[in-house]
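# Geometric and topological summary
Residues per chain are reported as follows:
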Amino acid sequence: MTPLSRGFRGRPRRDIDPARIPPGQYAVDDFPVLSAGPTPRTPTADWSFTVDGAIDAAASWRWEQFMALESETFTVDIHCVTKWSKLATSWTGVSIDTLLEGVETSAAYVTAWSDGGYTTNLPLADLTGGKAWVVHSFDGTPLEPEHGGPARLLVPHLYFWKSAKWVRGLRLTVDDEPGFWEAAGYHNRGDPWQEQRYWND
Amino acid sequence: METSHASTIVLDVEDWPGHIAGQHVDVRLTAQDGYQAQRSYSIASAPEDSRFALTVERIDDGEVSPYLVGELRVGDTFEVRGPIGGPFSWRVESGGPLLLVGGGSGLVPLMAMARHHAARRSEIDMRLLVSARSWEDVLYHEELSRQVRRDGVDVRFTLTREQPAGWGGFARRIDAEMLSAVGPKPSAKPAIFVCGPTPFVERAANLLVELGHRPQAIRAERFGPTGS
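Residue numbers here run from 1 along each chain, matching the order of that chain's written sequence. Written order decides the labels, with chains lettered from A and ligands numbered from 1. It should be noted that, the model being predicted, local features are given only for residues of pLDDT at least 70 and side-chain atom pairs only at 80 or more, the latter also being counted only at that level, while totals for whole chains, interfaces and linings use all residues. The side-chain values count all of the structure's non-hydrogen atoms but skip hydrogen atoms and water molecules.

### Description of the overall build of chain B
- The helix and strand inventory of chain B stands at five helices and 10 strands.
- Projected onto its principal axes, the C-alpha positions of chain B cover 55 × 35 × 35 Å.
- Counting contacts in chain B only where the partners sit at least 6 residues apart, residues at least 24 apart contribute 72% of the total.
- Using a 1.4 Å probe, the Shrake-Rupley method yields the accessible areas, and only the shown protein chains count as cover for residues. About 10200 Å² of surface is accessible on chain B, with carbon and sulfur atoms providing 46% of the total. Strands here are runs of E lasting at least two residues and helices are runs of H or I lasting at least four, both read from the DSSP assignment and numbered beginning at the N terminus. Any two residues whose heavy atoms approach within 4.5 Å at even a single point are treated as in contact.

### Quick notes on the domain arrangement of chain B
All names here are of chain B.
- When the domains of chain B are assigned, the result is domain 1 (6-84) and domain 2 (92-223).
- Domain boundaries shown here were taken from an automatic or database domain assignment. A C-alpha centroid distance of 24 Å is found between domain 1 and domain 2.
- The interface is formed by 15 residues belonging to domain 1 together with 13 residues belonging to domain 2.
- Summed over both partners, the accessible area lost on bringing two parts together, with a 1.4 Å probe, is the buried area. Buried surface at the junction of domain 1 and domain 2, both sides included, amounts to about 1000 Å², of which 60% is carbon and sulfur.
- It is Ala21, Ala44 and Glu48 in domain 1 that bury the most area against domain 2; as a group they hold 36% of the surface buried on that side.
- A side-chain nitrogen of Lys or Arg and a carboxyl oxygen of Asp or Glu constitute a salt bridge if their distance falls within 4 Å. Run the count over domain 1 and domain 2 and you get zero salt bridges.
- Amino acids outside the nonpolar list (Ala, Val, Leu, Ile, Met, Phe, Trp, Tyr, Cys, Pro) and the charged list (Asp, Glu, Lys, Arg) are all regarded as polar, and Gly is one of them. Of the residues assigned to the side of domain 1 that touches domain 2, the class counts are six nonpolar, six polar and three charged.

### Quick word on the sheet that holds strand β11 (residues 167-173) of chain A
All names here are of chain A.
- Pairing between two strands requires that DSSP report at least two bridges joining them. As summarised here, the arrangement of the five strands in space is β3-β2-β11-β6-β7, forming an open sheet in which the pairing is mixed. Looking along the sheet, the strands with just one partner apiece sit at the ends: β3 (59-62) and β7 (119-123). Taking the axes of each pair of neighbouring strands and ignoring which way they run, one obtains an average angle of 15° across the sheet.
- Of the strand pairs in this sheet, strand β6 (residues 109-114) and β7 are connected by five bridges, and their pairing is antiparallel. Bridge assignment links tyrosine 109 to a residue of β7, and that residue is proline 123. Angles shown run from 0 to 180 degrees and are taken between the N-to-C directions of axes, each axis being a line fitted to C-alpha atoms and, for helices, limited to the stretch in contact.

### A closer look at the sheet that holds strand β3 (residues 36-42) of chain B
Residue and element names in this part refer to chain B.
- The strand order across the open sheet formed by three strands is β3-β2-β5, and the pairing between neighbours is antiparallel. For this open sheet the edge positions go to β3 and β5 (79-84), each flanked by a neighbour on one side alone. Across the sheet, the axes of successive neighbouring strands diverge by a mean angle of 20°, strand direction being ignored.
- The sheet contact formed by strand β2 (residues 24-30) and β3 spans seven bridges and is antiparallel. Across the sheet, residue threonine 30 finds its bridge partner in β3, namely glutamine 36.

### Section: the pairing of strand β5 (residues 84-95) of chain A
Residues and elements named next belong to chain A.
- In terms of residue burial, β5 counts as a mostly covered element, since 10 of its 12 residues are buried.
- Looking at chain direction, strand β1 (residues 26-27) and β5 are connected through two bridges and run parallel. Looking across to β5, one finds that tyrosine 26 is bridged to tryptophan 84.
- Relative to β5, strand β4 (residues 72-79) runs antiparallel, the two sharing seven bridges. Within β5, the position partnered with histidine 79 by the bridge is serine 85.
- In this antiparallel pair of consecutive strands, β4 and β5, the connection spans four residues, and lysine 83 shows a positive phi of 100°.
- In terms of strand pairing, β5 meets strand β8 (residues 133-138) through five bridges, oriented antiparallel. With a 1.4 Å probe rolled over the protein chains alone, any residue whose accessible area is under 20% of its type maximum counts as buried; one over 50% counts as exposed, and the rest are partly exposed.

### Topic: the pattern of salt bridges
All names here are of chain A.
- For the structure shown, the criterion picks out 21 salt bridges over all chains.
- The partner of glutamate 182 in a salt bridge is lysine 162, and the shortest N-O contact between them spans 2.8 Å. Linking glutamate 182 in the segment after β11 with lysine 162 in the loop between β10 (152-154) and β11, this pair joins segments that are 20 residues apart in sequence.
- Assessed through its relative accessible area of 3%, glutamate 182 is described here as buried.

Structure representation (structure tokens):
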């Protein structure tokens, strides 16, 4: 039985389609920053993106090569486990489908790893089929370091900690290996529509 | 009330499993019409304290904090979930030395660590740098003044806007010189916890890295917008 909070009315409901706000979330207009450590600053001259792990041949792109890949600009809603959602955000980047093109693998999972030591794990199926990107621009301008620049993973259908900032590679794995937050009490998959915030959700 | 815009709320939580200093909880409020709002708040009390407490800063255009700071009365109930958070937590058994850097209400989880240190009568080298606009804006300032003398935590303050007459502490935004003066040196390999508004944490964490502290030893907790 949920206790009522005497005298709590909440904010006047905004003119937002409630179907776009997952349970327990609220819409923001600004863009909060959440990271567990200092913001890494990797010059693009030293940057590369690697796909390796349970595949026959690892693939790697330097910044210019990555930027030369076919890119997409798209608009999605994003949802952070700390309760904010930001609607209609515009990003530009390379689809994971493009990065995995031609890859044969027995792996069912992926660990995304980042500068600064951050990792997050996902089922491979959550990254393919037009559902995820490595993005380098937000709203038409290069992604700021605080928001994960030069490039971050973007998996908008899962809580935003899965969209690893400063991403440098995807490691395909046969077994599911919990990442930084997943090992620290946060849900292994993190579907905001099922409110999968913590381990026992 | 801790300051003109922040309050400490003492809670009696059924079946509370205990927590580690630095962790937070999710608070969920439910309105008469079923509307719910959730936010996260840091735990201010030490695990050893007999009273479980959150300190909440009122965000003027906020939805939950004005209720918790201004409307909540003794005897009211709401839902609390937790404790939450692993990396941003510390226990005496984790050792030191330790540098804690807090801006504004970012002091709350660091205070839990300082209180834990005091409750355990720890002799671990703990330094705490507190940044606030004025002395009145420093949460727990009376307790912290006592702590400098009594509990072996080296507490330093910087007041960025307004200082009392005869102020002997820092009086500027944090900078490299200040962080060096507070110490410990990078060669002592302190564990570092930084908490505050996003621009404050970005600045402090960047300065600490430039000073030679190991990035992986710096744990950060940011709140609010980018400010840009």
